[in-house]
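# Close look at the chain arrangement
Listed here are the chains, written in short residue letters.
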Amino acid sequence: MTWYYLIGSQPTGPVEETEIDHLFNLGTITLGTRVWRQGLQTWKTLADAFNRPAVTCFKCKRLASPDLSVQYGSLSLCQDCKDIFFQQIREGLSPETTGIYGGFWIRAGAYLIDQIALFLVRLPFELALRAYVFWETFQLASGSTPRPFWQSQGILIAYGLYFVFVLLLSLSYYVFFVGRYGATPGKMALKLRIVRSDLSKVSYLRALGRYFAQGLSGMLLYIGYIMAGFDSEKRALHDYLCDTRVIKRQSTP
Ligand SMILES: [Zn+2]
(Lines give C-alpha, C1' and ligand atoms only; values in the text may rest on other atoms or scores of the structure.)
Protein backbone atom coordinates (compact mmCIF):
# COMPACT_ATOMS: atom_id res chain seq x y z
CA MET A 1 0.00 0.00 0.00
CA THR A 2 1.45 3.41 -0.93
CA TRP A 3 1.05 6.67 0.90
CA TYR A 4 1.33 10.37 0.18
CA TYR A 5 2.27 12.94 2.77
CA LEU A 6 2.12 16.73 2.98
CA ILE A 7 5.28 18.77 3.38
CA GLY A 8 3.91 22.25 3.96
CA SER A 9 0.97 22.08 1.56
CA GLN A 10 2.89 20.04 -1.01
CA PRO A 11 1.76 16.41 -1.46
CA THR A 12 4.80 14.14 -1.63
CA GLY A 13 5.00 10.48 -2.61
CA PRO A 14 3.97 7.87 -3.28
CA VAL A 15 6.03 5.94 -0.74
CA GLU A 16 5.69 2.44 0.66
CA GLU A 17 4.37 1.97 4.16
CA THR A 18 7.82 0.88 5.40
CA GLU A 19 9.26 4.11 4.02
CA ILE A 20 6.80 6.04 6.20
CA ASP A 21 8.43 4.54 9.30
CA HIS A 22 11.82 5.46 7.96
CA LEU A 23 10.82 9.07 7.27
CA PHE A 24 9.30 9.28 10.72
CA ASN A 25 12.50 8.08 12.38
CA LEU A 26 14.45 10.61 10.36
CA GLY A 27 12.11 13.35 11.55
CA THR A 28 11.06 14.29 8.00
CA ILE A 29 7.48 13.61 8.98
CA THR A 30 5.95 13.82 12.44
CA LEU A 31 2.85 12.54 14.18
CA GLY A 32 1.05 15.68 13.04
CA THR A 33 1.99 15.31 9.36
CA ARG A 34 -1.04 14.79 7.11
CA VAL A 35 -0.99 11.54 5.15
CA TRP A 36 -3.29 9.99 2.56
CA ARG A 37 -3.67 6.76 0.65
CA GLN A 38 -6.15 5.66 -1.92
CA GLY A 39 -9.41 4.80 -0.22
CA LEU A 40 -9.19 7.51 2.47
CA GLN A 41 -11.73 10.30 2.19
CA THR A 42 -9.48 13.00 3.67
CA TRP A 43 -5.90 13.62 4.69
CA LYS A 44 -5.34 12.35 8.21
CA THR A 45 -2.60 12.96 10.72
CA LEU A 46 0.02 10.26 10.83
CA ALA A 47 -1.05 9.50 14.42
CA ASP A 48 -4.62 9.06 13.28
CA ALA A 49 -3.91 7.02 10.16
CA PHE A 50 -1.54 4.61 11.89
CA ASN A 51 -3.25 4.58 15.28
CA ARG A 52 -0.23 5.86 17.10
CA PRO A 53 -0.72 7.31 20.56
CA ALA A 54 -0.27 11.07 20.53
CA VAL A 55 -0.80 14.00 22.85
CA THR A 56 -1.23 17.65 21.95
CA CYS A 57 1.52 19.87 23.32
CA PHE A 58 0.06 22.65 25.48
CA LYS A 59 2.49 25.24 24.12
CA CYS A 60 3.03 24.57 20.43
CA LYS A 61 -0.23 22.63 19.90
CA ARG A 62 1.60 20.04 17.82
CA LEU A 63 1.11 16.31 18.25
CA ALA A 64 3.84 14.55 20.17
CA SER A 65 4.51 11.02 21.24
CA PRO A 66 3.52 10.42 24.89
CA ASP A 67 6.87 8.68 25.44
CA LEU A 68 8.76 11.81 24.51
CA SER A 69 6.56 14.34 26.30
CA VAL A 70 6.21 15.24 29.93
CA GLN A 71 3.02 15.76 31.88
CA TYR A 72 2.46 18.73 34.12
CA GLY A 73 -0.86 18.18 35.85
CA SER A 74 -3.26 17.71 32.98
CA LEU A 75 -0.96 19.44 30.49
CA SER A 76 1.32 17.68 28.02
CA LEU A 77 4.52 19.28 26.84
CA CYS A 78 6.65 18.16 23.93
CA GLN A 79 10.43 17.85 24.06
CA ASP A 80 10.96 21.20 22.36
CA CYS A 81 8.67 23.14 24.68
CA LYS A 82 9.17 21.64 28.11
CA ASP A 83 12.30 23.61 29.05
CA ILE A 84 10.85 27.01 28.25
CA PHE A 85 7.59 26.03 29.94
CA PHE A 86 9.29 25.18 33.23
CA GLN A 87 11.36 28.33 32.90
CA GLN A 88 8.10 30.28 32.76
CA ILE A 89 6.79 28.49 35.82
CA ARG A 90 9.93 29.48 37.71
CA GLU A 91 9.22 33.08 36.72
CA GLY A 92 5.87 32.78 38.46
CA LEU A 93 3.61 32.32 35.47
CA SER A 94 0.72 30.09 36.33
CA PRO A 95 0.73 26.74 34.52
CA GLU A 96 -2.91 25.86 35.07
CA THR A 97 -5.20 26.22 32.11
CA THR A 98 -8.30 26.83 34.15
CA GLY A 99 -8.60 30.12 35.93
CA ILE A 100 -5.27 31.48 34.77
CA TYR A 101 -6.78 34.44 32.96
CA GLY A 102 -7.47 37.69 34.71
CA GLY A 103 -11.14 38.56 34.28
CA PHE A 104 -12.99 41.79 33.74
CA TRP A 105 -13.30 42.99 37.35
CA ILE A 106 -9.71 42.44 38.49
CA ARG A 107 -8.52 44.14 35.30
CA ALA A 108 -10.89 47.03 35.91
CA GLY A 109 -9.30 47.31 39.38
CA ALA A 110 -5.81 47.40 37.86
CA TYR A 111 -6.96 50.05 35.40
CA LEU A 112 -8.28 52.18 38.24
CA ILE A 113 -4.98 51.94 40.14
CA ASP A 114 -3.10 53.02 37.01
CA GLN A 115 -5.45 55.94 36.48
CA ILE A 116 -4.94 57.09 40.07
CA ALA A 117 -1.15 56.78 39.72
CA LEU A 118 -1.20 58.80 36.51
CA PHE A 119 -3.47 61.39 38.10
CA LEU A 120 -1.05 61.86 41.00
CA VAL A 121 1.87 62.39 38.60
CA ARG A 122 -0.22 64.84 36.58
CA LEU A 123 -1.57 66.72 39.57
CA PRO A 124 1.25 69.26 40.17
CA PHE A 125 1.34 70.10 36.46
CA GLU A 126 -2.42 70.45 36.34
CA LEU A 127 -2.41 72.76 39.37
CA ALA A 128 0.32 74.87 37.78
CA LEU A 129 -1.71 75.09 34.57
CA ARG A 130 -4.83 76.15 36.44
CA ALA A 131 -2.96 78.73 38.46
CA TYR A 132 -1.45 80.18 35.30
CA VAL A 133 -4.81 80.26 33.48
CA PHE A 134 -6.44 81.90 36.49
CA TRP A 135 -3.73 84.55 36.67
CA GLU A 136 -3.75 85.21 32.92
CA THR A 137 -7.55 85.40 32.81
CA PHE A 138 -7.44 87.91 35.64
CA GLN A 139 -4.86 90.00 33.76
CA LEU A 140 -6.99 90.04 30.60
CA ALA A 141 -10.20 90.89 32.42
CA SER A 142 -8.64 93.70 34.39
CA GLY A 143 -6.85 95.35 31.45
CA SER A 144 -7.94 98.65 29.94
CA THR A 145 -9.91 96.75 27.26
CA PRO A 146 -11.17 93.54 28.95
CA ARG A 147 -10.87 90.43 26.74
CA PRO A 148 -12.07 86.84 27.23
CA PHE A 149 -9.46 84.19 28.08
CA TRP A 150 -9.46 82.37 24.74
CA GLN A 151 -7.87 85.42 23.16
CA SER A 152 -4.71 84.80 25.13
CA GLN A 153 -2.03 83.01 23.15
CA GLY A 154 -0.31 82.01 26.39
CA ILE A 155 -3.36 80.14 27.61
CA LEU A 156 -3.85 78.28 24.33
CA ILE A 157 -0.20 77.24 24.27
CA ALA A 158 -0.33 76.15 27.91
CA TYR A 159 -3.39 73.98 27.26
CA GLY A 160 -1.76 72.53 24.12
CA LEU A 161 1.45 71.66 25.97
CA TYR A 162 -0.44 70.13 28.83
CA PHE A 163 -2.50 68.01 26.44
CA VAL A 164 0.64 66.67 24.72
CA PHE A 165 2.25 66.07 28.11
CA VAL A 166 -0.71 64.00 29.34
CA LEU A 167 -0.70 61.87 26.18
CA LEU A 168 3.05 61.23 26.31
CA LEU A 169 2.91 60.52 30.02
CA SER A 170 0.30 57.78 29.75
CA LEU A 171 1.96 56.33 26.64
CA SER A 172 5.43 56.14 28.16
CA TYR A 173 4.08 54.88 31.49
CA TYR A 174 2.32 52.06 29.70
CA VAL A 175 5.02 51.11 27.19
CA PHE A 176 7.85 51.27 29.72
CA PHE A 177 6.21 49.11 32.39
CA VAL A 178 4.58 46.60 30.04
CA GLY A 179 7.69 46.28 27.85
CA ARG A 180 10.03 45.91 30.82
CA TYR A 181 7.97 44.08 33.45
CA GLY A 182 5.02 42.70 31.48
CA ALA A 183 2.60 44.69 33.62
CA THR A 184 1.66 48.23 34.59
CA PRO A 185 1.98 49.06 38.31
CA GLY A 186 -1.78 48.51 38.66
CA LYS A 187 -1.49 45.04 37.18
CA MET A 188 1.62 44.30 39.27
CA ALA A 189 -0.27 45.25 42.42
CA LEU A 190 -3.00 42.77 41.55
CA LYS A 191 -0.53 40.10 40.40
CA LEU A 192 -1.58 40.25 36.77
CA ARG A 193 0.76 39.92 33.86
CA ILE A 194 0.39 40.54 30.13
CA VAL A 195 1.86 37.77 27.96
CA ARG A 196 1.62 36.45 24.42
CA SER A 197 -0.78 33.59 23.74
CA ASP A 198 2.09 31.11 24.24
CA LEU A 199 2.95 32.76 27.61
CA SER A 200 6.08 34.42 26.21
CA LYS A 201 7.03 38.02 26.97
CA VAL A 202 5.51 41.09 25.35
CA SER A 203 8.08 43.28 23.54
CA TYR A 204 8.21 47.09 23.79
CA LEU A 205 6.87 47.33 20.26
CA ARG A 206 3.92 45.08 21.04
CA ALA A 207 3.29 47.06 24.22
CA LEU A 208 3.12 50.20 22.08
CA GLY A 209 0.69 48.54 19.66
CA ARG A 210 -1.42 47.34 22.56
CA TYR A 211 -1.52 50.87 23.99
CA PHE A 212 -3.18 52.17 20.84
CA ALA A 213 -5.39 49.09 20.54
CA GLN A 214 -6.65 49.88 24.04
CA GLY A 215 -7.72 53.27 22.77
CA LEU A 216 -9.82 51.43 20.22
CA SER A 217 -11.31 49.23 22.96
CA GLY A 218 -12.26 52.36 24.89
CA MET A 219 -14.38 53.69 22.04
CA LEU A 220 -18.10 52.95 21.93
CA LEU A 221 -18.82 52.62 25.65
CA TYR A 222 -15.74 50.52 26.45
CA ILE A 223 -17.23 47.62 24.52
CA GLY A 224 -13.74 46.31 23.65
CA TYR A 225 -12.99 46.02 27.37
CA ILE A 226 -16.33 44.49 28.25
CA MET A 227 -15.67 41.68 25.74
CA ALA A 228 -13.17 40.26 28.25
CA GLY A 229 -16.07 39.36 30.52
CA PHE A 230 -17.51 37.00 27.93
CA ASP A 231 -14.45 35.44 26.33
CA SER A 232 -13.23 31.95 27.28
CA GLU A 233 -9.69 33.31 27.61
CA LYS A 234 -10.86 36.68 28.96
CA ARG A 235 -9.60 38.49 25.91
CA ALA A 236 -10.48 42.12 25.42
CA LEU A 237 -10.50 43.54 21.91
CA HIS A 238 -6.89 44.70 22.28
CA ASP A 239 -5.86 41.19 23.34
CA TYR A 240 -7.38 39.84 20.13
CA LEU A 241 -5.60 42.46 18.05
CA CYS A 242 -2.21 42.00 19.73
CA ASP A 243 -2.27 38.25 20.45
CA THR A 244 -1.98 38.85 24.19
CA ARG A 245 -3.58 37.39 27.30
CA VAL A 246 -3.75 38.76 30.82
CA ILE A 247 -2.87 36.02 33.28
CA LYS A 248 -2.70 35.74 37.05
CA ARG A 249 0.75 35.34 38.50
CA GLN A 250 1.32 32.72 41.15
CA SER A 251 4.11 33.07 43.64
CA THR A 252 5.87 29.72 43.31
CA PRO A 253 4.68 26.33 42.10
ZN1 LIG B 1 5.52 21.80 22.01
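Residues numbered from 1 in each chain as written. Predicted model: local features only at pLDDT ≥ 70, side-chain atom pairs only at ≥ 80, totals over all residues.

Now for the overall build of the protein. Looking only at helices and strands, the protein has eight helices and 10 strands in total. Taking 18 Å as the expected radius of gyration for a compact globule of 253 residues, we find that the protein reaches 28 Å, considerably beyond that expectation. The principal-axis extent of the C-alpha atoms belonging to the protein is close to 105 × 40 × 30 Å. Per-residue burial over the protein gives 22% buried out of 253 residues. Considering only intrachain contacts with a sequence separation of at least 6, the fraction spanning at least 24 residues in the protein is 48%. (Helix = DSSP H or I, 4+ residues; strand = E, 2+ residues; numbered from the N terminus. Rg over C-alpha atoms; globule rule 2.2 N^0.38 Å. Buried ≥ 20, exposed ≤ 12 C-beta atoms within 10 Å, placed from the backbone. Contact = placed C-beta atoms within 7 Å.)

Taking strand neighbours across the sheet as the criterion, the four strands line up as β2-β1-β3-β4 in an open arrangement whose pairing is antiparallel. Sheet topology places β2 (10–16) and β4 (44–45) at the edges, where each strand pairs with a single neighbour. Bridge count between strand β1 (residues 2–7) and strand β3 (residues 34–36): two bridges; the pairing is antiparallel. Its bridge partner being in β3, tyrosine 5 is matched across the sheet by valine 35. Taken strand by strand, helix α1 (residues 17–26) contacts β1 and β2, and its axis lies near 120° from that of β2. (Pairing = 2+ DSSP bridges. Axes fitted to C-alpha atoms, helices over the stretch in contact; angles between N-to-C directions.)

In this section: the environment of phenylalanine 58. By secondary structure assignment, the location of phenylalanine 58 is in the loop between β5 (55–56) and β6 (63–64). Sequence separation between phenylalanine 58 and lysine 187 is 129 residues, and the spatial gap between their C-alpha atoms is 25 Å. If we ignore the near neighbours within four places in the chain, the residues touching phenylalanine 58 are Leu75, Ser76 and Leu77.

Our focus in this paragraph is the pairing of strand β10 (residues 244–248). Most of β10 sits out of view: four of its five residues are buried. When strand β9 (residues 192–196) meets β10, the two strands line up antiparallel, connected through five bridges. From the neighbouring strand, valine 195 faces β10, where its bridge partner is arginine 245.

What follows is about the nonpolar core. Grouped together as the largest cluster of nonpolar side chains are 18 residues, with contacts concentrated most on Leu31, Ala54, Cys57, Ala64 and Leu77. For this core, the secondary structure elements donating two or more residues are β1, α2 (46–49), β6 and α3 (79–90). Ignoring sequence-local partners within four residues, the contact set of cysteine 57 consists of Arg62, Ala64, Ser69, Ser76, Leu77, Cys78 and Cys81. Counting residues in each nonpolar core, the second largest holds 10 residues, with Tyr101, Leu192, Ile194 and Val202 among its members. (Core = buried A, V, L, I, M, F, W, Y, C linked by C-beta atoms within 7 Å.)

The next thing to look at is the domain arrangement of the protein. Per the domain assignment, the segments making up the protein are domain 1 (2–90) and domain 2 (104–248). Distance between the C-alpha centres of domain 1 and domain 2: 46 Å. (Domains from an automatic or database assignment.)

What follows concerns the environment of alanine 228. Here alanine 228 lies in the loop between α7 (204–226) and α8 (237–242). Taking the C-alpha atoms as reference points, alanine 228 and histidine 238, separated by 10 residues in sequence, lie 9.7 Å from one another. The residues touching alanine 228, leaving out its near neighbours within four places in the chain, are Gly103, Phe104, Arg107, Lys234, Arg235 and Ala236.

Once that is clear, we can look at unusual backbone geometry. The omega torsion of the bond from glycine 13 to proline 14 falls at 0°, within 30 degrees of zero and hence cis. Summarising the element assignment, proline 14 is placed in strand β2. With phi around 55°, lysine 234 is a residue other than glycine that occupies positive phi space. Its identity as a non-glycine residue notwithstanding, aspartate 243 has a phi of 55°, on the positive side. Looking at the secondary structure, you find aspartate 243 in the loop between α8 and β10.

With that settled, consider the packing of helix α5 (residues 153–181) against α7. Contact geometry of α5 with α7 gives a least axis separation of 8 Å together with a crossing angle of 140°. If you check the angle between α5 and α7, you find them oblique. Considering the relative orientation of α5 and α7, their crossing is right-handed. Residue-level contacts link Leu171, Tyr174, Val175, Val178 and Gly179 of α5 to Tyr204, Ala207, Leu208, Arg210 and Tyr211 of α7. Within the contact of α5 with α7, the residues separate by chemical class into eight nonpolar, one polar and one charged. (Parallel < 35°, antiparallel > 145°, perpendicular 65-115°, else oblique. Left-handed = near helix turned anticlockwise from the far one by under 90°. Nonpolar A, V, L, I, M, F, W, Y, C, P; charged D, E, K, R; others polar.)

Compared with an ideal rise of 1.5 Å per residue, which puts 23 residues at 33 Å, α7 spans 25 Å between its outermost C-alpha atoms and falls more than 12% short. A bend of about 130° at leucine 220 is the largest found in α7. When we look at burial in α7, the residues that qualify are Ala207, Arg210, Ala213, Ser217 and Gly224. Of the surrounding secondary structure, the elements contacted by the buried residues of α7 are α5, α8 and β10. (Expected span 1.5 Å × (residues − 1). Bend = angle between axes of the 7 residues up to and from the residue.)

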